[in-house]
Amino acid sequence: MDQETSSGFQPVYHRIRHHVYLMIASAAPGDGQKPLTTEKELCELFHASRGTVRKALRKLCDEGLLISRPHYGTFLNPLLLQRTMRKPVLGILVGNGDYTFFDEQIQRTLCGIYRSASRHGCMIHPIQFADGAESLLAAELKSGLSGVLWIWTPPSMERIMALLEERNIPQVHIIPLQEKVRGGVVLLDGEDYGYQTARRAIAAGYPDTLYLEDSLSVFSGERLNGIRRAFREAGIPWKSSCFLKASIEEIWKRAEKRIATGKHRAVCCSGRQVSLIRQFPDLKVISPVCGRDAVRKEKSAFPVQPILPAEECGRIGAEMLIAHIGKPAAELRERVVLKLEFPDS
């Protein structure tokens, strides 16, 4: 079995691969002239059978990292040595389609990434992944990706994430829109998000705010806990009808019906829904994820809108990824949680 067990045990096959990965990462330009290792050396080091060692080395050869020369040993791929002498290349995958309404935040996130990459001498390679894994493979072969940054990771990307890990390409997800991801993660504190937003809405005189939540959100449960805590501290009964969770396609239709009842004077929503809410002249808006200027002053429920720390997310994500370049991708599991910024009014 080539998978880790629930107890955390790692099979010899994986330990051999990780050992050779580290040898490759620390290789110098002249190391391609001599064997990197031999089957005999690995068998003795890991007390493994020759079949297990061959399986691990064959996989690395298939990935284009090594070249096997019978009777001589296993050598580094010369093309790989050429890549190691170039600047590290960071690929960027941006959630598209229904998520384009985050454009302002994406631009701020990219700004943080570019500044960090420039400081470390890294190159940036944007990747269009409309064609799925094939586009990613083409980018990896062409540019020699050192790592990949996901921005607003959309659902159903498990195949591509697995492919990156198989090819030992570390990846970091900046505010993913799905819960199960591989690699490092930079995300928001969901409970603090809900608590701070609700506390300020109550203080501004809008305890009847309708909170809209995308059903794909990874922290909707945490956010609801934070909202309830704010109501408890204010001594105001919480009404479940003030929290609406549904898919992107359905949420506005359902929200319109509730708003039409006149029971809600403000709505806490995403950037996409802000434009739809403008048809209700008297309805106020709280939207932490749509940027500083997207909410018109006459519509804002706050003197100053809360701000998503997008640039800081980009900077931290890039720093996390750069620090892991050359290490086994499967070992990157770092998690950083940030809070919304609430400037003084």
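Summary of the structure given here. Per chain, residues are indexed from 1 in the order of the written sequence. Totals for whole chains, interfaces and linings use every residue, but because this is a predicted model, local features are given only for residues with pLDDT of at least 70 and side-chain atom pairs only at 80 or more, for both listing and counting. Computation of side-chain values covers all heavy atoms of the structure but excludes hydrogens and water.

Quick look at the pattern of salt bridges
- Take a side-chain nitrogen of Lys or Arg and a carboxyl oxygen of Asp or Glu: if they are within 4 Å of each other, that pair is a salt bridge. In this structure the tally under the stated criterion is 14 salt bridges.
- If you follow the salt bridges from partner to partner, you end up with Glu-158, Glu-165, Arg-182 and Arg-333 in one network.

With respect to the packing of aromatic side chains
- Between rings of Phe, Tyr and Trp, where Trp is taken as its six-membered ring, a pair exists when centres lie within 6.5 Å; planes separated by under 30 degrees are stacked, by over 60 edge-to-face, and by other angles tilted. Counting across every chain of the model gives two aromatic pairs.
- Summarising the aromatic geometry, the rings of Tyr-211 and Trp-238 are spaced 6.4 Å apart at their centres and angled 50° between planes, so their arrangement reads as tilted. With a gap of 27 residues between them, Tyr-211 in strand S8 (residues 210-214) and Trp-238 in the loop between helix H9 (220-234) and strand S9 (243-246) connect regions that are remote in the sequence.
- Relative accessible area serves as the criterion here: at 0%, Tyr-211 is assigned to the buried category.
- Under the scheme applied here, a residue whose accessible area is under 20% of the maximum for its type counts as buried, over 50% as exposed, and between as partly exposed, the area being computed with a 1.4 Å probe on protein chains only. Classification of Trp-238 by relative accessible area gives partly exposed; the value is 21%.
- Ring-pair connections join several aromatic residues into one group, and the members of that group are Tyr-211, Phe-231 and Trp-238.
- Look at NZ for Lys and CZ for Arg. If either is within 6 Å of the ring centre and within 35 degrees of the ring normal, a charge sits over the ring. Directly above the ring of Tyr-195 sits Arg-229, whose terminal nitrogen or CZ lies 3.9 Å from the centroid. To qualify as a helix, a DSSP run of H or I must reach at least 4 residues; to qualify as a strand, a run of E must reach at least 2; elements of each kind are numbered from the N terminus.

Some points on helix H7 (residues 158-166)
- Looking at H7, one finds that the buried residues are Ile-160, Met-161, Ala-162, Leu-163, Leu-164 and Glu-165.
- Positioned one or two residues after H7, Asn-168 has a phi angle of 55°, which is positive.

Describing the nonpolar core
- Of all hydrophobic cores here, the largest spans 30 residues; its most connected members are Ile-113 and Ile-151.
- Counting only elements with at least two residues in this core, the list comes to strand S3 (89-94), helix H5 (103-119), strand S5 (147-151), strand S6 (171-174), strand S7 (184-188), helix H12 (310-324) and strand S12 (335-338).
- At seven residues, the largest contribution of residues to this core is made by H12. The criterion is simple. A nonpolar core is a set of buried Ala, Val, Leu, Ile, Met, Phe, Trp, Tyr and Cys residues joined through side-chain atoms within 4.5 Å.

Let's talk about the environment of Cys-269
- Examined against the element boundaries, Cys-269 turns out to sit in the loop between strand S10 (266-268) and helix H11 (271-277).
- Counting along the chain gives 59 residues from Cys-269 to Leu-210, while the straight-line C-alpha distance between them is 8.5 Å.

A closer look at the packing of helix H2 (residues 39-46) against helix H3 (residues 50-62)
- To obtain each axis, a line is fitted to C-alpha atoms, and for helices this fit is confined to the stretch in contact; angles are then taken between N-to-C directions over 0 to 180 degrees. Relative to each other, H2 and H3 sit at 115°, their axes nearing to 9 Å. Note on packing geometry: the crossing formed by H2 with H3 is right-handed. Contact with H2, carried on its side by Glu-39, Lys-40, Leu-42 and Cys-43, involves Arg-50, Val-53, Arg-54 and Leu-57 of H3 and no other residues of that element.
- Of the residues assigned to the contact of H2 with H3, the class counts are four nonpolar, no polar and four charged. The handedness criterion is simple: a crossing whose near helix is rotated anticlockwise from the far helix by less than a right angle is left-handed, and one whose near helix is rotated clockwise is right-handed. The criterion used for residue contact is that any of the two residues' heavy atoms lie within 4.5 Å. Gly is placed with the polar residues, together with every amino acid not listed as nonpolar (Ala, Val, Leu, Ile, Met, Phe, Trp, Tyr, Cys and Pro) or charged (Asp, Glu, Lys and Arg).

A few points about the sheet that holds S10
- Read across the sheet, four strands follow the order S9-S8-S10-S11 without closing on themselves; strand pairing throughout is parallel. Either end of the sheet is taken by a strand with one partner, and the two such strands are S9 and strand S11 (284-286). Recorded for the sheet is a direction-independent mean angle of 20° between the axes of neighbouring strands.
- Two strands pair when backbone bridges link them, and S10 and S11 are joined in this way by three bridges, in the parallel orientation. Paired with Cys-268 across the bridge in S11 is Ile-286. Only when DSSP finds a minimum of two bridges between them are two strands counted as paired.

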